[in-house]
Structures are given as C-alpha cells and as structure tokens.
Amino acid sequence: MNDPITKIVIVGGGSAGWLTAGIVAAEHRISNTTRSEGFRLTLIESPNISTIGVGEGTWPSMRNTLEKIGISETDFLKNCDASFKQGTYFKDWTTGTGDAYAHPFTVPHRYADINLAPHWLAHSERPGFAEAVCPQTHLFSERLAPKRITTPEYAFNVNYGYHLNATKLAALLKRHCIDVLGVEHIEATVTEVNASENGDIESISTDRTTPISGDLFIDCTGSRALLLGKFYAIPLQQKSHILFNNSALATQVAYPEEDAPIESCTLSTAQQAGWIWDIGLSNRRGIGHVYSSGHTSEDEASVDLINHIESLTTASYAKQVSLRKLTFEPGFRQKFWHKNCVAIGMSAGFIEPLEASALVLVELSAAMIAEQLPARRSIMDIVAKRFNEKFLFRWERIIDFLKLHYLLNKKKHLPYWSDNLLGSSVPDSLKEAIELWRYNSPWHYDTRQVDDLFPSASFQYVLYGMGFNTAPSHTERKTEQEAAKLATSLFQENAERAEQLKSSLPSNRELINKIKTFGLQKI
Amino acid sequence: MSSFQIVSASRHQQTRVLTDYHASLGDSLMYAQTFPLEFRDIQSCYPIFFIKDPDSGQFLAAALFGFEADENLFLHNRRWDASYLPMMIRRHPFLIARQGVDPASPENTQPVISIDMDHPRVNDSQGEHLFLEDGKPSVFLQEAIELLKNIHRAHQHNENFQKVLLQYDLLESLNLDITFNNGSKKTISHFYSINESALYSLGGDALADLNKQGYLQPIFMAIASLSRLRPLIDRKDGP
C-alpha cells in the first residue's frame, strides 16, 4: 500500500489515449526505459480496433493543452486539417422557421463587472443577444478568423478552439509522445485483465506480449470500456430519458472549390427529431445527423441529412455521399475511478456532441491525473473519490446545459420536440434553475465551483438566444440608473469593437492558407 | 500608384530626379527596412527593432525614424538630418527589375534598373539627370545602380537571418513605454529586439555558427543601436 505510483498504463489509443499520454508525460519526466525504477508511461493500442474518428470540435482549452504537450500550433494546423472554432451557431432550434442564435467563446462585454442581460431585455427593439453583448459574434457571418498571421502561436485576438481531424490529431500526438516525451508504445490487443489479491488490476495480458503490469491503469478503450465497464462492471447511468439522441449518421462533404470559405464556428441545424452538425475543416466538411431512434427511423434520418447536404451542394452530389452509422448510449458511469483504474474518454461516458464536450472532458481528466497523481497506493482512493465527485458534478452540468437547448423550443407540433418539454425528461436541477432564471438572469451566483465547466455566460447565450424572458427586477435597485447608463455605453463599445475586428481580421481561409505558406511565429 | 519603366537613354534622356527630402516626396515614414549588412552604419543614427511583416508574419529589421505612423523626426528644411541615410531610403525612385533574356527560357533573366515614373521625385525640370548629353549614364545613375546591387546583396545575406535568430531564441518581444517631455505617453508593443540573455548564454559552437554566416557582428550592432532610442525621443521633445 505504500508503494509509490510510478508506472502508468494507458489502454487504448485514439484522441483520448494519446491526449492523456501527452498531458501526463508533459508534466512528469519519464525515466530511461532501460532502468527498472523511475516514472514510466506505457500505452497499449490494438492495431485491429479502429477509433471512433468523428470527435471533431474542441473548446479553447485545447490551445493550452497542445502548447503544454509541446506541439507547435503550426504543425498541428497543417497536419490535422484544422481550422478555428469560435463558438456554435444554432439554426431552427426555437421555432424552426428560420430562427438562429450564436454561442460564442467570449463572455459578454465587461461580464465581470456588469450583467448586460437585464439591460438587453429592457429594449424591445434590439439585435440578437450575442450580437449585442459580444463582438466575436459579428465575425461569423463573414467567416473571419480569430487572429492574424502576425499573432503568435496559441495567442488570440478573440478566443478560439479548433475543428480538427481527430484521427490525424491522434497520429500527431502519438509521434510526439513516443519520439519526444518518451512514452512506451505497445501495439497489441488486450486478451485478459488480471486482478491482484486486493482486487486492483495487476496486469494486462495481450496477444503478443508478456503481461504488462502497472500501478495505475487508464481505460481509454472507448465505449467498450474494457477495464472499468467490462472488468469492474461499473454501470453506465443512462440519460436517454433526458437527452433522447442515440444515433448518428456521419459523412464528409467536399468544398465546391479549394478556396471556399471556412466557417468560423460549428453549425448546428435542428431537424424533426435531432440536429445536423456541420464542422468545417480546412480540406472538407464533417457533416452528420444526430437523432433519436425512438422518434425517427434511420431511413427518415438519412433523407433529412441528404436533403440538408443537397441544400449546401447539389442534388447529384448529395445522392452519392456514403453515410456511416453510429449508435451510442447517452450517459456516464456511476463512477470513473475504481481502485487503480480510471476511465477517460468514451469509456467514461458519452452524450451527443452538441457543445463539443467530449474532448474537453478528456483534457480535464488527464490534467487532474497529471496534477494530482497519487504518490502512493494508499493515497489513490482519496484522489479517486475527489476525481469522481468532480467529474460526476461536471457530467450532471453538461446534461443540464445540453437539455436547456431543448427545453426552450417552441415546436410543440413535432413529437420529438414536445417530448423534450415533458417534466419527466428534465433534471430537477435544471427545473430549479429555470424557475430562478425567470426572475434572475444567470450571472456569477450561478457559477457553483471555481473551475466550473460552463461559465454562467453560456447559459445566458442559450436562454436569450432562444427567446427566454427574465422579468425585470421586482424592486427598484439603487444602482439601476447608473447601470443602465453604463450598459448603453457598453452596447455602443461592443458595436465599435465589432467593426474594428471585422475590418482588421482576415478570413479563416486566407489565414489558413498563409499559415500553410509561412507558419505562425512562436513569439 | 507606381509605374515602373526600365531605365534607358532613349526613354529617359530628359528625366530628372529630386534629391532633397520632404514629406511631399514620400519621406514621412516611421521606419524603413534595413539588413544585417547595413546594421553597423544604421546603428550610428537609428535604433534598430524587428517587426513582423503584416502580410506574412515574417520578421524584418527596421530602422526607426519616429513614434507614430508617418512621423519622420529626421526631416528638416528639405534635408534629412543624419550622417547616414538608410539604403532603402536612398534608393527611391529606383528598383531592380528582372528582364527576360530569352523568350524560350523564361526563368533566364537579368537584373535591370527601373524607375517609378509616378514617384514624386521624378520630373523633367529639376534635380539630377539620369543621362549625360551624349547618352551615357550620369554619375548619379551609376551610383544608383551600385546602390541597388548592394541592396540585392544585403537581401541575399538577410535570407537566413530570421531563421537563425529564431533557432537560437535570439528574438524577444518588447514593450516600449515612452513619456515625452510634454507629458504625452506612447506604448509600442509590436516590436522585437535581440534577447541579450539568450545571446550571452550561447556556447562556442553557436557563436562560431553565427560568425561564419556573418550574423554575429550585426547582432551586436543591433544591440548597440538601442542607445539611439534616447536621442530619437529627444528629437521629438525638441530643444
């Protein structure tokens, strides 16, 4: 029990396995593998099992993650067909008759000092909420980039994450982890998980090596969850009664020409029983339909997707696209860390990619393990308990936040959308929050933990983008007049900043092309 | 608006070039590009900073003349008030163009001197002649041709400079916070300069590598040029 934790074994490659390897190895120096003591990190990856290959949007946190791992942003952008993601743009989610709103990656203007939402609500004639309070929103319609060729790597003019080819990201990380960080790579398929006397995982048997032992095992085997799910039988808490989507049809769509504009954000277009994502990489678009098999059939979902693709391209192009079907069980494990095994990635859980939360959970999980790596087995259970508490809370928050997108719809004539309003499908925590928000717009008191996953501003963007109303204050606040004056000047400032950004930032396509030619400077 | 013509006696017998310095002649520049081969002369009059080309993000060296766009503190009474004039200032209105020698092989070109006929220095009544009465190039034109050859050489020597500076981490970003005598303040935050601590920790091999490429001396000249910043501020402050 007092043995130091020095050997970590990651089972599974893909973006979860290799991001975890990179994050941990960037923090802890790996000893020369010829020595028997010292910190060691091994990743076992089966050459036969393919990765999911569609997780393609990230949060701004990915910039810090890649920088910490030691990847050059220029190399990443060039090798992973990546582009810049500045938020998500939702179409037809509210009434379905052409409504649209943005959820940008920047909090409203001066968010720390003033809540602009009540002041925006007070005007009957007004632009969209995200347009009024955030200059970044104005970049979307013109497909402008969040930085310039003169902005250093990982720095921004406006905050951004990425759209990327996840398979290529895994390959880039793998090379870096093995060649630069000293991670040991074993290409083999797991045959057996072997327990030790106390019930911990002792070692992993494979089809081509002797059993691989370790002190901590990280399960990155995807939805199969070989270690946590299969070996330890930690059940998945199903959330399909809240978030109905459990299937997806995915494809890739070519750009009409090489220099076609690249979108600045993920596009999410609501459908009769789900929604279609459109992620613009530099070389092609990833488009897919996430839907509920309980509300529509694969055939109907295919038709919806083909029609959508036709509206973006041509009838003949749309007819020949090949669709890949995926199914998933929306939900997350009862716990993520059990004994000396912790699950990261799809093995921990999965829900629809509505706010691209999958990769950020990988980043956060790996970062916590890297930072809080238990020194000894006797400490591990304490760290595991904290890890479980933190991530269970985070998963609940994700469920609540995604459900919010569905809760504000006004499409009662469609079964899927009206079913989403049923009380039985809404978590109590969200019901409570919504009640409160009828009278108090979300702001700092809605941030429950210091490192909360979603800033309270995200709730604002969805609420007010979908036409939710928060009543004005029921008392006369003494600060009201001054705040109203400040708000007016901030709306003006926001508009000016938007114009300034629009006139000084290049288009995404232009910037990506320049980066391919010149690269970004490190300083 | 530029309109370049290859200089020839037949076309430019009457052409003359003004040689004074004035805002009306396009000289209100905050900086001009300079090159390692020129740093030792530049540092006697101007601070050298590195900036990024806005179109490519690549670094270039600049001799600084002022603190605002279009501010040149060296212009005075139609003269340029310094003992050394940067090459990229002296070269106007000329340029090296490349002329094909053989239509069958378009990559076969030779350098030829060209003149921007739209440049405000160019006229047919005042200033230096390009050609003598017998059609031979004037001393002025000959010197211009020599200057353009030097600029070409300086460009070539400069080609590897950025790469080498970045390779040895010798560039760092810099914030200039200046308070002028009249109380006004100016912050310039997109300049770069030589990272002296990185330079002083270089070992023998690195220094030899820099020296071999002819970059060691210019790096020290760039450092020395920073002592020209104070006099530039004094120029703005006035007597």
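Trainee: Looking at this structure, I do not really get the overall build of chain A. What am I missing?
Mentor: For chain A, the helix and strand inventory stands at 16 helices and 21 strands. Taking 2.2 N^0.38 as the reference for a compact globule, 523 residues should give roughly 24 Å; the C-alpha atoms of chain A span a radius of gyration of 24 Å, in line with that estimate. Expressed as a percentage of the 523 residues in chain A, the buried residues total 46%.

Trainee: Any chance you could explain the overall build of chain B here in plain terms?
Mentor: Summing up its helical and strand segments, chain B has nine helices and 13 strands in all. For chain B, the spread of C-alpha atoms along the principal axes amounts to about 60 × 50 × 30 Å. A burial count over chain B gives 26% of its 239 residues as buried. For chain B, restricting intrachain contacts to residue pairs at least 6 apart in sequence, the fraction spanning at least 24 positions comes to 69%.

Trainee: Explain the pairing of strand 16 (residues 285-291) of chain A here, please?
Mentor: Sheet faces and side chains relate simply in a regular strand, where the side chains alternate between the two faces. Residues and elements named next belong to chain A. Extensive coverage of strand 16 is indicated by the burial of seven of its seven residues. Across seven bridges, strand 13 (residues 247-253) lies against strand 16 in antiparallel orientation. When the bridges of strand 16 are listed, Q252 appears paired with G286. Pairing geometry for strand 15 (residues 274-280) and strand 16, over seven bridges, is antiparallel. Directly across from I279, in strand 16, lies its bridge partner G286. The turn linking strand 15 back onto strand 16 is made up of four residues.

Trainee: It is not clear to me how the interface of chain B and chain A should be interpreted in this structure. Could you clarify?
Mentor: Interface size is commonly expressed as the accessible surface area that is lost when the partners come together. Taken together, the contacts link eight residues of chain B with seven residues of chain A. Among the elements that line the side of chain B that touches chain A, the one with the most residues is strand 12 (residues 171-179) of chain B, at three residues.

Trainee: It is not clear to me how unusual backbone geometry should be interpreted in this structure. Could you clarify?
Mentor: Phi is mostly negative for residues that are not glycine, and the peptide bonds are mostly trans. Residue P93(B) is reached from H92(B) by a cis peptide bond, and omega for that bond is 5°. By secondary structure assignment, the location of P93(B) is in the loop between helix 3 (87-90) and strand 8 (94-100). Positive phi, normally seen in glycine, also occurs at R110(A), with a value near 55°. Following the sequence through the fold, R110(A) ends up in the loop between strand 5 (100-104) and helix 4 (117-122). Look at R143(A): it is not a glycine, yet its phi comes out positive at around 55°.

Trainee: Would you take a moment to explain helix 10 (residues 357-372) of chain A for this structure?
Mentor: For an α-helix, the turn length of 3.6 residues means that residues three or four places apart are oriented alike. Taking 1.5 Å per residue, 16 residues should reach 22 Å; helix 10 of chain A reaches 22 Å between its end C-alpha atoms and fits that length. Helix 10 of chain A sits mainly inside the fold: 13 of its 16 residues count as buried.

Trainee: Explanation requested: the packing of helix 2 (residues 61-69) of chain A against helix 10 of chain A in the structure shown.
Mentor: Between two packed helices, the angle of one axis relative to the other and the distance separating the axes together describe the packing. Residues and elements named next belong to chain A. In the contact formed by helix 2 and helix 10, the axes pass within 10 Å of each other and the chain directions differ by 45°. By the criterion of interaxial angle, the relationship of helix 2 to helix 10 is oblique. Between helix 2 and helix 10 lies a crossing whose hand is left-handed. Across the interface between the two elements, S61, M62 and T65 from helix 2 touch L359, V360 and E363 from helix 10. Residue classes in the contact of helix 2 with helix 10 are distributed as three nonpolar, two polar and one charged.

Trainee: Before we go on, may I ask you to explain the sheet that holds strand 1 (residues 4-6) of chain B in this structure?
Mentor: Think of a sheet as strands paired side by side through backbone hydrogen bonds, with each pair either parallel or antiparallel. Residues and elements named next belong to chain B. Taken in spatial order, the three strands line up as 1-9-8 in an open sheet, and their pairing is antiparallel. Each edge of the open sheet carries a strand with a single partner, namely strand 1 and strand 8. The average angle at which neighbouring strand axes cross in this sheet is 45°, direction not considered. With seven bridges connecting them, strand 8 and strand 9 (residues 109-116) associate as antiparallel partners.

Trainee: What is the right way to look at helix 16 (residues 508-518) of chain A in this model?
Mentor: Residue and element names in this part refer to chain A. Among the residues of helix 16, those classed as buried are N508, L511, I512 and I515. What you see down the axis of helix 16 is that its buried residues fit within an arc of 100°, all on one side. Two residues or fewer past helix 16, G519 is found with a positive phi of approximately 75°.

Trainee: Mind showing me how you'd approach the domain arrangement of chain A here?
Mentor: All names here are of chain A. On domain assignment, one finds that chain A holds domain 1 (7-56 + 165-237 + 331-394) and domain 2 (247-327). Between domain 1 and domain 2, the C-alpha centre-to-centre distance is 32 Å. At the junction of the two partners, domain 1 supplies seven residues and domain 2 supplies nine residues. Here the residues of the side of domain 1 that touches domain 2 sort into four nonpolar, one polar and two charged.

Trainee: What am I meant to see in the nonpolar core here?
Mentor: The nonpolar side chains of a soluble globular protein tend to be buried, and buried together. Residues and elements named next belong to chain A. Core analysis: the largest hydrophobic core is formed by 138 residues, its most contacted members being V11, A21, I218, L227 and I344. A total of 10 residues in this core trace back to one element, the largest contributor, which is helix 10. The contacts of A21, once residues within four sequence positions are left out, are I10, L41, L43, C177 and V183.

Trainee: Is there a simple way to explain the sheet that holds strand 21 (residues 349-350) of chain A in this structure?
Mentor: Residues and elements named next belong to chain A. If you walk across this open sheet you meet the three strands as 12-18-21, and the pairing is antiparallel. If you trace the sheet from one side to the other, it starts and ends with strand 12 (236-238) and strand 21, each paired once. Direction of pairing for strand 18 (residues 331-333) relative to strand 21: antiparallel, over a ladder of two bridges. Its bridge partner being in strand 21, F332 is matched across the sheet by G349.

Trainee: Got a minute to help me understand the pairing of strand 9 of chain B in this structure?
Mentor: In terms of strand pairing, strand 1 of chain B meets strand 9 of chain B through three bridges, oriented antiparallel. Looking across to strand 9 of chain B, one finds that I6(B) is bridged to S114(B).

Trainee: I tried to follow the packing of helix 1 (residues 14-27) of chain A against helix 2 of chain A on my own but got confused; where do I start?
Mentor: Residues and elements named next belong to chain A. For the pair helix 1 and helix 2, interaxial distance at closest approach is 8 Å and the crossing angle is 55°. Looking at the two axes, helix 1 sits oblique to helix 2. The handedness of the crossing between helix 1 and helix 2 is left-handed. Residue-level contacts link G22, I23 and A26 of helix 1 to T65, K68 and I69 of helix 2. Broken down by class, the residue content of the contact of helix 1 with helix 2 amounts to three nonpolar, two polar and one charged.

Parameters at a glance
Residues numbered from 1 in each chain as written. Chains lettered and ligands numbered in written order. Predicted model: local features only at pLDDT ≥ 70, side-chain atom pairs only at ≥ 80, totals over all residues. Helix = DSSP H or I, 4+ residues; strand = E, 2+ residues; numbered from the N terminus. Rg over C-alpha atoms; globule rule 2.2 N^0.38 Å. Buried ≥ 20, exposed ≤ 12 C-beta atoms within 10 Å, placed from the backbone. Contact = placed C-beta atoms within 7 Å. Pairing = 2+ DSSP bridges. Expected span 1.5 Å × (residues − 1). Axes fitted to C-alpha atoms, helices over the stretch in contact; angles between N-to-C directions. Parallel < 35°, antiparallel > 145°, perpendicular 65-115°, else oblique. Left-handed = near helix turned anticlockwise from the far one by under 90°. Nonpolar A, V, L, I, M, F, W, Y, C, P; charged D, E, K, R; others polar. Arc of directions from axis to C-beta. Domains from an automatic or database assignment. Core = buried A, V, L, I, M, F, W, Y, C linked by C-beta atoms within 7 Å.

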